Amino acid sequence: MIVSKLEKAAWVNLAVVIACVLIGSIGFFALTRMNARGVGNIIVVFVVACVSGLGTYLMRRKRGFEAHLDERERLIYKRSLEWAFVAAIAFLACICIVPFFVLGGQNVIRVYYLPVVFLSTLFAAQFVHSAAILVQSAREDDDAQ
Amino acid sequence: MPSDRLSNQIRRLRFENGEMTQQQLADKAGVTRQTIIAIEAGKYAPSLPLAFRIAHAFGIPLEDVFQYDGDANPSRPGPDSAR
């Protein structure tokens, strides 16, 4: 099995996203179980750290990354970005509309869920982006030499 | 709607050129081996510049490497049809 640079990057990205989601989920549930007064500040720090970490990682990856891809890989990359965009919209729609029907229109949601919604959408888009790259590459992968 | 199908002779040409490997052809064309595999299997239609680079790698004209099997007479009117 041959693994291209694009696929390697997609596997790494997938691992990072899954790790971020696991750490973020554990951190979030641990913090919300703690004293409610301190939760607000800690959550803000936590969210900023996560966003900056992910942003730095994405920027570092983006710089010069596409220059090393050939035209087929660039096409796969761009198509995956489209899938990720659609996934982000669908995820955002679900995460915003489902609570409306589950909790009802008159209910209240805590504000600290807003950054969580934002981060979750980011992670979902990244997850789909990486998965789409791997799926498209696997579809074309035919090891006949 | 015309059916666009591009066939190629890359596999045959590789073997006729000293059993050139996919990696060697990829290096000459400036793409990855996976791209050559996809083109050879007909799963990816290369751009015109890449098609020319592949033809140059074998030292033969483009039409000897790639053949268009689609509809030869698409229904779209040509420039003369407006007269």
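Criteria and cut-off values
Residues numbered from 1 in each chain as written. Chains lettered and ligands numbered in written order. Predicted model: local features only at pLDDT ≥ 70, side-chain atom pairs only at ≥ 80, totals over all residues. Heavy atoms only, no water. Helix = DSSP H or I, 4+ residues; strand = E, 2+ residues; numbered from the N terminus. Buried < 20%, exposed > 50% of the residue type's maximum accessible area, 1.4 Å probe, protein only. Contact = heavy atoms within 4.5 Å. Areas by Shrake-Rupley, 256 points an atom, 1.4 Å probe, with all protein chains shown as cover. Phe/Tyr/Trp six-rings, centres within 6.5 Å; stacked < 30°, edge-to-face > 60°. Core = buried A, V, L, I, M, F, W, Y, C linked by side-chain atoms within 4.5 Å. Polar contact = N/O pair within 3.5 Å; in protein donor to acceptor, adjacent residues only side chain to side chain. Buried area = accessible area lost by both parts, 1.4 Å probe. Salt bridge = Lys/Arg side-chain N within 4 Å of Asp/Glu carboxyl O. Nonpolar A, V, L, I, M, F, W, Y, C, P; charged D, E, K, R; others polar.

Comments concerning the overall build of chain A
Looking only at helices and strands, one finds 4 helices and 0 strands in chain A. When the helices and strands of chain A are listed from N to C terminus, the series reads α-α-α-α. Here chain A, with 145 residues, has 31% of them falling under the buried criterion. Intrachain contacts of chain A at a sequence separation of at least 6 include 82% that bridge at least 24 residues. Accessible surface, chain A as shown: approximately 9,100 Å² in total, 71% of it carbon and sulfur.

Here's the deal with the overall build of chain B
Within chain B, the secondary structure is distributed over 5 helices and 2 strands. Counting only residues that meet the buried cut, chain B has 36% of its 83 residues in that class. At a minimum sequence separation of 6, the contacts of chain B that also span at least 24 residues come to 58%. A total accessible area of about 5,200 Å² is found for chain B, and carbon and sulfur atoms account for 52% of it.

A look at the packing of aromatic side chains
Residues and elements named next belong to chain A. Counted under the stated rule, the structure contains 1 aromatic pair over all chains. Between Phe100 and Phe101 the ring centres are 5.3 Å apart and the planes differ by 85°, which places this aromatic pair in the edge-to-face class. Since its relative accessible area comes to 64%, Phe101 is described here as exposed.

Brief notes about the environment of Val108(A)
Take Val108(A): it is sitting in the loop between helix H3 (71-103) and helix H4 (113-140). For Val108(A) and Leu22(A), which are 86 residues apart along the polypeptide, the C-alpha to C-alpha distance reads 26 Å.

Describing the nonpolar core
The tendency in soluble globular proteins is for nonpolar side chains to be buried as a group. Ranked by internal contacts, the top residues of the largest apolar core, which has 20 residues, are Ile10(B), Leu25(B), Ile39(B), Ile54(B), Phe58(B), Val65(B) and Phe66(B). Contributing elements (two or more residues each) for this core: helix H1 (10-16), helix H2 (22-29), helix H3 (33-40), helix H4 (48-58) and helix H5 (62-65) of chain B. Top element by residues in this core is H4(B). It accounts for 6 residues. Not counting chain neighbours up to four residues away, the residues in contact with Ile39(B) comprise Asn8(B), Ile10(B), Tyr44(B), Pro46(B), Leu50(B), Ile54(B) and Phe66(B). Judged by nonpolar contacts, the second largest core, of 8 residues, contains Leu69(A), Tyr77(A), Ile133(A) and Leu134(A).

Quick notes on the side chain of Glu40(B)
All names here are of chain B. Structurally, Glu40 is set in helix H3. The buried category is assigned to Glu40, whose relative accessible area is 12%. At 2.6 Å, the side chain of Glu40 forms a polar contact with the side chain of Arg14.

With respect to the interface of chain B and chain A
At the interface, 19 residues of chain B touch 14 residues of chain A. Note on chain B versus chain A: buried area summed over both sides is about 1,400 Å², and carbon and sulfur give 46% of it. Taken as a group, Gln34(B), Lys43(B) and Tyr44(B) account for 40% of the area that chain B buries against chain A, more than any other trio of residues on that side. Counting every contact that joins chain B to chain A gives 0 salt bridges. Across the contact surface, chain B and chain A share 5 residue pairs in polar contact (both at pLDDT 80 or more). Residue assignment for the side of chain B that touches chain A shows that the elements contributing at least two residues are H1 and H3 of chain B. Take the side of chain B that touches chain A: its biggest share by element is 6 residues, from H3(B). Here the residues of the side of chain B that touches chain A sort into 7 nonpolar, 7 polar and 5 charged.

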